[in-house]
Amino acid sequence: MAKINYQQLLDNALKSVVKEALIYAQYNGLGDETSFLITFKTHDQGVVIPDFLKIRYPDIMTIGLQYSYNNLNVSDKEFGVQLTFDGRPFFIRVPFSALVEFKDPTTDFMLSFYQPKEGEETANNNIELPLEEDQNNIHDDKRVVSLDEFRKKRKL
């Protein structure tokens, strides 16, 4: 049976906060007081950025969303946005799995995401759970301690 990867579960939950913040911005805009700084891995699978940016930022890149962005689109697995680089508009796409950090400096809010070490298993979404376990045998495990042995016996 595979072990539960709590770090990955936590990261997925935190990335859903980023997704919801981006969805809010998609429909409501950010206004004058809010900005997002989003750092991501430029060579992760699914990242789409112009080649000159991949050369300029070979590992990670931070983009800012505040005034000059267009066409922000958010899906369950990624977001895309049109930004201006060197005076020209480019559409970029970033899967949430590529995120390194998310900041809203106007509110001092920041999320950092776990970066696995090289060779460390990263995708363990398959959590195997027993489907047909006999409920009567749940406490047969020798690691389970019954507290009944330690309770004081009361006279009724």
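Procedures and definitions
- Residues numbered from 1 in each chain as written.
- Predicted model: local features only at pLDDT ≥ 70, side-chain atom pairs only at ≥ 80, totals over all residues.
- Heavy atoms only, no water.
- Helix = DSSP H or I, 4+ residues; strand = E, 2+ residues; numbered from the N terminus.
- Buried < 20%, exposed > 50% of the residue type's maximum accessible area, 1.4 Å probe, protein only.
- Contact = heavy atoms within 4.5 Å.
- Areas by Shrake-Rupley, 256 points an atom, 1.4 Å probe, with all protein chains shown as cover.
- Pairing = 2+ DSSP bridges.
- Axes fitted to C-alpha atoms, helices over the stretch in contact; angles between N-to-C directions.

(A) Spotlight on the overall build of the chain. Looking only at helices and strands, one finds 2 helices and 7 strands in the chain. Moving toward the C terminus, one meets the helices and strands of the chain in the order α-β-α-β-β-β-β-β-β. Here the chain holds 156 residues, and 28% of them are scored as buried. Excluding contacts between residues fewer than 6 apart, the proportion of contacts in the chain whose partners are at least 24 apart in sequence is 54%. Within the structure as shown, the chain displays about 11,700 Å² of accessible surface, and the carbon and sulfur contribution to it stands at 50%.

(B) Local environment of the sheet that holds strand E3 (residues 69-74). Pairing is antiparallel in the open sheet, where 3 strands are placed in the order E3-E4-E5. Two strands in the sheet have a free side with no partner beyond their single neighbour: E3 and strand E5 (88-95). Adjacent strand axes in the sheet meet at a mean angle of 15° when their direction is disregarded. Alignment of strand E4 (residues 78-85) against E5, held across 8 bridges, turns out to be antiparallel. Note that in E5 the partner of Val81 across the bridge is Ile92. The sheet contacts of helix H1 (residues 6-28) involve E3 and E4, and relative to E3 the element is tilted by about 130°.

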